[in-house]
Amino acid sequence: MNRLVFLSLSLSLLACAGTGSSDTGFDSLLDSGLDSTTESGLPQDSASTESGSVDSPTDSEEDTEDPPPPVHFWELTDPCPNAGYPYAMLFESSQEGWVGCGDGQGLWRTENAGESFVEGHPNTWTGELYVTDLALDPDGSLLVCGRDYGNDSLLSRFRNGEWEDLLHYGNNNQDSSAAQLSNCGVVAAAGDGSMVVASLTAGDISTSTDDGRTWTKEARYWEDANLDAGGYSYYYILNLVAVGGNYYGAGSDISSPPVFFGPSQHAGGSWSNFHAHTIDSRAQGEIWALATPDDGQTWLAGGRDQRYSSVASGFLYRSEDGGESWIKLTMGGDLDVVHDLAFATDGRHGIAVGHRYPTSHGGFILLTEDGGQNWTERMEEVPPLYVASIVGTDFWVAGENYLGRGEF
């Protein structure tokens with residue numbers, strides 16, 4: 001693949017079938033037309049049960065309530081040069097953090113809460129590193145997922161001050177440290193030597209059981225249904241989390257309801273198989289955002305309902321039984337795609353970010369202080385946002401040529 005067009009191509013592949021709510025690229029895997037709407041043209045709630053809410057300062061029913069308490073908020077300098085939007089961000093403390101860029105603009109590190117950044121690129125900076133995900137393994141090492149077209153690296157790790165390449169593009173039949181994934185879209189490590197990576201532009205995954213030294217050949221039929229004779233399922237994993245020694249994910253099969261992936265429930269399943277749980281059978285579209293405030297008992301998942309192409313149709317779901325069943329939180333106004341979710345270690349403070357419809361209205365920031373049961377929309381005017389990170393009561397948001405920091 002032409003190395004200069006990796007990110008734009010990967011995003012367009014995810015959006016190629018739709019006329020969704022935005023032209024930002026992250027929004028739509030598909031749009032197969034309108035379903036039932038209200039007389040106003042807005043989508044009907046598709047959840048069978050509702051719990052909690054997203055409070056919008058613009059909703060008429062909220063006009064008589066006291067406004068949310070003020071929050072300190074600063075616009076910072078986006079470290080991604082040129083058009084290399086920040087597509088990955090992770091803060092390890094209130095001062096130390098990382099921002100990963102698209103458009104080959106690499107990885108950047110801060111030690112002063114984002115006030116300034118220095119190059120943090122693995123090995124020798126090539127100007128060809130695309131970063132799509134950042135994660136910490138349980139020992140605190142940084143995992144950098146994407147693709148470096150200078151050396152075909154897909155996954156790198158920063159441990160004890162040193163960089164090492166873990167997975168690169170190639171033929172696994174000839175090289176056990178390679179897999180034919182055009183990119184690394186998401187990554188997670190459980191802490192027992194196992195690791196999982198998933199492609200951003202196909203349903204393929206590769207796994208390791210020896211701390212990233214060797215990897216399996218790329219595989220796409222990892223969901224439980226494929227373990228039955230004549231069974232078939234095919235999904236994309238758009239978000240991946242390791243909790244309590246198990247792996248969880250979320251995504252789509254392009255033309256069906258959004259799904260949550262939990263550990264295999266099949267008698268023949270292994271740790272690298274997943275079971276797909278339908279989040280809402282009456283919705284359609286992908287889950288971009290996934291997070292847990294309490295180590296996997298409670299989950300929050302967000303994205304947009306792709307049945308609707310000309311109205312805001314962002315959604316946010318909550319599960320309190322490990323992902324077995326889901327309830328829909330009420331969203332309204334022009335809130336559209338929920339791109340990212342993150343929780344502090346206290347399990348109470350959390351953040352969700354995304355963009356509005358139309359995208360000329362910019363982005364949004366939602367905050368929670370009760371583990372994601374209720375959310376408050378902040379008043380900051382921001383561009384469309386893609387990622388968020390939180391440490392304690394400090395949070396950071398990033399999007400289109402933008403980086404900001406706030407406090408609860």
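Refer to the structure presented above.
The structure displayed is predicted, hence computed values, not measured ones.

Let's talk about the sheet that holds strand E12 (residues 186-189)
Strand pairing in a sheet is mediated by backbone hydrogen bonds. Such pairs are either parallel or antiparallel.
Reasoning step 1: Read across the sheet, three strands follow the order E12-E13-E14 without closing on themselves; strand pairing throughout is antiparallel. The open sheet has two free edges, formed respectively by E12 and strand E14 (205-208), since each of these has just one partner strand. Adjacent strand axes in the sheet meet at a mean angle of 10 degrees when their direction is disregarded.
Reasoning step 2: By the bridge criterion, four bridges tie E12 to strand E13 (residues 195-198) in an arrangement that is antiparallel. For Ala 188, the partnering residue across the bridge sits in E13 and is Val 196.

Overview of the sheet that holds strand E3 (residues 86-91)
Reasoning step 1: The strand order across the open sheet formed by four strands is E3-E4-E5-E6, and the pairing between neighbours is antiparallel. Across the chains shown, the open sheet's two edge strands, defined by having one partner strand only, are E3 and strand E6 (118-119).
Reasoning step 2: Two strands pair when backbone bridges link them, and strand E4 (residues 97-101) and strand E5 (residues 107-110) are joined in this way by four bridges, in the antiparallel orientation. The partner of Trp 98 across the bridge, within E5, is Arg 109.

Structural notes on the state of the cysteines
Reasoning step 1: Considering all chains together, one arrives at two disulfides under this definition.
Reasoning step 2: The disulfide partner of Cys 80 is Cys 101, and the S-S distance across this bridge is 2.1 Å. In this structure the cystine formed by Cys 80 and Cys 101 twists about its S-S bond by roughly -85 degrees; its chirality is therefore left-handed. Placement of the pair is Cys 80 in the loop between strand E2 (73-76) and E3 and Cys 101 in strand E4, with a sequence separation of 21 residues. Exposure class is identical for Cys 80 and Cys 101. Each is buried.
Reasoning step 3: For Cys 145, the disulfide goes to Cys 184, at an S-S distance of 1.9 Å.

Observations concerning the environment of Lys 328
Reasoning step 1: Relative to the helices and strands, Lys 328 is located in strand E22 (residues 327-330).
Reasoning step 2: A relative accessible area of 10% means that Lys 328 is categorised as buried.
Reasoning step 3: When the C-alpha atoms of Lys 328 and Arg 318 are compared, they prove to be 6.3 Å apart, with 10 residues separating the residues in sequence.

So, the pairing of strand E16 (residues 246-252)
Reasoning step 1: Of all seven residues that make up E16, six are buried, and the element is covered over most of its length.
Reasoning step 2: Relative to E16, strand E15 (residues 236-243) is paired through seven bridges, and the arrangement is antiparallel. Residue pairing for E16: Asn 239 is matched across the bridge by Ala 250.
Reasoning step 3: Count of turn residues in the E15/E16 antiparallel hairpin: two residues, of which Gly 244 carries a positive phi of about 60 degrees.
Reasoning step 4: Examined bridge by bridge, E16 and strand E17 (residues 259-263) share three bridges and lie antiparallel to one another. Looking at the pairing, Ala 250 lines up with Phe 260 of E17.

Some remarks on the pattern of salt bridges
Reasoning step 1: All chains considered together, the criterion is met by 15 salt bridges.
Reasoning step 2: With a shortest N-O distance of 3.1 Å, Arg 157 and Asp 211 are connected by a salt bridge. Of this pair, Arg 157 sits in strand E9 (residues 153-159) while Asp 211 sits in the loop between E14 and E15, and the two are 54 residues apart along the sequence.
Reasoning step 3: The exposure class of Arg 157 is buried, given its relative accessible area of 3%.
Reasoning step 4: Residue Asp 211 is classed as partly exposed on the basis of its relative accessible area of 23%.
Reasoning step 5: One salt bridge connects Lys 217 with Glu 218, and the closest N-O pair in it is separated by 3.5 Å.
Reasoning step 6: Lys 217 gets classed as partly exposed once you look at its relative accessible area, which sits at 39%.
Reasoning step 7: Given the relative accessible area of 16%, Glu 218 is considered buried.
Reasoning step 8: Taken together, the shared-partner salt bridges in this structure form one network comprising Asp 137, Asp 139, Arg 157, Arg 159, Glu 164 and Asp 211.

The rules behind each value
- Residues numbered from 1 in each chain as written.
- Predicted model: local features only at pLDDT ≥ 70, side-chain atom pairs only at ≥ 80, totals over all residues.
- Heavy atoms only, no water.
- Pairing = 2+ DSSP bridges.
- Helix = DSSP H or I, 4+ residues; strand = E, 2+ residues; numbered from the N terminus.
- Axes fitted to C-alpha atoms, helices over the stretch in contact; angles between N-to-C directions.
- Disulfide = S-S within 2.5 Å.
- Buried < 20%, exposed > 50% of the residue type's maximum accessible area, 1.4 Å probe, protein only.
- Salt bridge = Lys/Arg side-chain N within 4 Å of Asp/Glu carboxyl O.

Nothing here speaks to function; it is all geometry.
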